[in-house]
Amino acid sequence: MTVFGQLVIGAPGAGKSTYCEGMRQYLSALGRDVAVVNLDPANDEPPYEAAVDLRDLVELSTVMSEFGLGPNGGLVYCLEYLEANLDWLEQKLAALGPTTYVVFDFPGQLELFTHCKSIQSIAQSLADHIGRLRASSSMMFEGGWGPDHPHGPWGRLWWLRGVGGGGWGLWGTRPSVF
């Protein structure tokens, strides 16, 4: 089965979830089957109804209190937990139907891309176990990060290096197919 969709990534607060809801509305208006997958366990009030929600598998607040972790440590744990339980995600995605365009809403913390490989592993598994994921990536940046902002161009390059470079990147070894 080939799954078509897009991975929505970017800095926290940059509008990833708002974009996902806008894309869902747009594709629905065109008559396409579309589903949004929330892979951000810290996104407790997304503006869309998630067809698949990581919070149904693992709760960030529970992880933080049970293991004494902070927000970033809790996020790392949640994504590692998903990585260890990918069969859950595969079953949920298989139930969406073969023609459903899937929009994946990823968390925005750069550390998840630079300090652990869970997101890369999850993306690779989508290709290896579900079939073939044919996806584009949409990267969101805060509107205030313009050329005059101190973090403007350099902040964007730093973020791009975190998800796309640094030796491994999000895309793994197969740039055209996850």
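Residues numbered from 1 in each chain as written. Predicted model: local features only at pLDDT ≥ 70, side-chain atom pairs only at ≥ 80, totals over all residues. Heavy atoms only, no water.

### Concerning the nonpolar core
No. 1: Ranked by internal contacts, the top residues of the largest apolar core, which has 28 residues, are Val37, Leu82, Leu89, Leu93 and Phe104.
No. 2: Counting only elements with at least two residues in this core, the list comes to strand E1 (2-10), helix H2 (60-67), helix H3 (71-84), helix H4 (86-94), strand E4 (101-105), helix H5 (111-114) and helix H6 (118-130).
No. 3: Residues in contact with Leu82, not counting those within four places in the same chain, are Leu39, Leu54, Leu57, Trp88, Leu89 and Ile122.
No. 4: Judged by nonpolar contacts, the second largest core, of 12 residues, contains Val8, Tyr101, Val103 and Met140. (Core = buried A, V, L, I, M, F, W, Y, C linked by side-chain atoms within 4.5 Å. Buried < 20%, exposed > 50% of the residue type's maximum accessible area, 1.4 Å probe, protein only. Helix = DSSP H or I, 4+ residues; strand = E, 2+ residues; numbered from the N terminus. Contact = heavy atoms within 4.5 Å.)

### Thoughts on a negative patch on the surface
No. 1: Negative charge collects at one region of the surface, where Asp44, Glu45, Asp56 and Glu59 lie side by side.
No. 2: By the secondary structure assignment, Asp56 is in the loop between strand E3 (52-53) and H2. (Patch = residues over 30% accessible without salt bridge, like charges linked within 9 Å, V, L, I, M, F, W, Y side chains within 5 Å. Areas by Shrake-Rupley, 256 points an atom, 1.4 Å probe, with all protein chains shown as cover. Salt bridge = Lys/Arg side-chain N within 4 Å of Asp/Glu carboxyl O. Lys, Arg positive; Asp, Glu negative; His and termini not counted. Charge placed at Lys NZ, Arg CZ, Asp CG, Glu CD.)

### Quick look at the pairing of strand E2 (residues 34-38)
No. 1: Within E2, 5 of the 5 residues are buried, which leaves it mostly tucked inside the rest of the structure.
No. 2: Burial along E2 is two-sided: Val34, Val36 and Asn38 and Ala35 and Val37, pointing in opposite directions, are all buried.
No. 3: As defined by bridge partners, E2 adjoins E4 across 5 bridges and the pair is classed as parallel. Considered in E4, the bridge of Val34 is made with Tyr101.
No. 4: The pairing of E2 with E3 spans 2 bridges and is classified as parallel. (Pairing = 2+ DSSP bridges.)

### Thoughts on the packing of aromatic side chains
No. 1: Applying the stated criterion across every chain, the model contains 2 aromatic pairs.
No. 2: Aromatic side chains Phe67 and Tyr77 sit 4.8 Å apart centroid to centroid with 35 degrees between the ring planes, which places their arrangement in the tilted category. In this pair, Phe67 sits in helix H2 while Tyr77 sits in helix H3, placing the two residues 10 residues apart along the sequence.
No. 3: Judged by relative accessible area, Phe67 falls into the partly exposed class, the value being 41%.
No. 4: Ring geometry for Tyr77 against Tyr81: centres 6.2 Å apart, planes inclined by 20 degrees, an arrangement best described as stacked. Residue Tyr77 and its partner Tyr81 are located together in helix H3, separated by 4 residues, close to a single helical turn.
No. 5: For Tyr81, a relative accessible area of 31% translates into the label partly exposed. (Phe/Tyr/Trp six-rings, centres within 6.5 Å; stacked < 30°, edge-to-face > 60°.)

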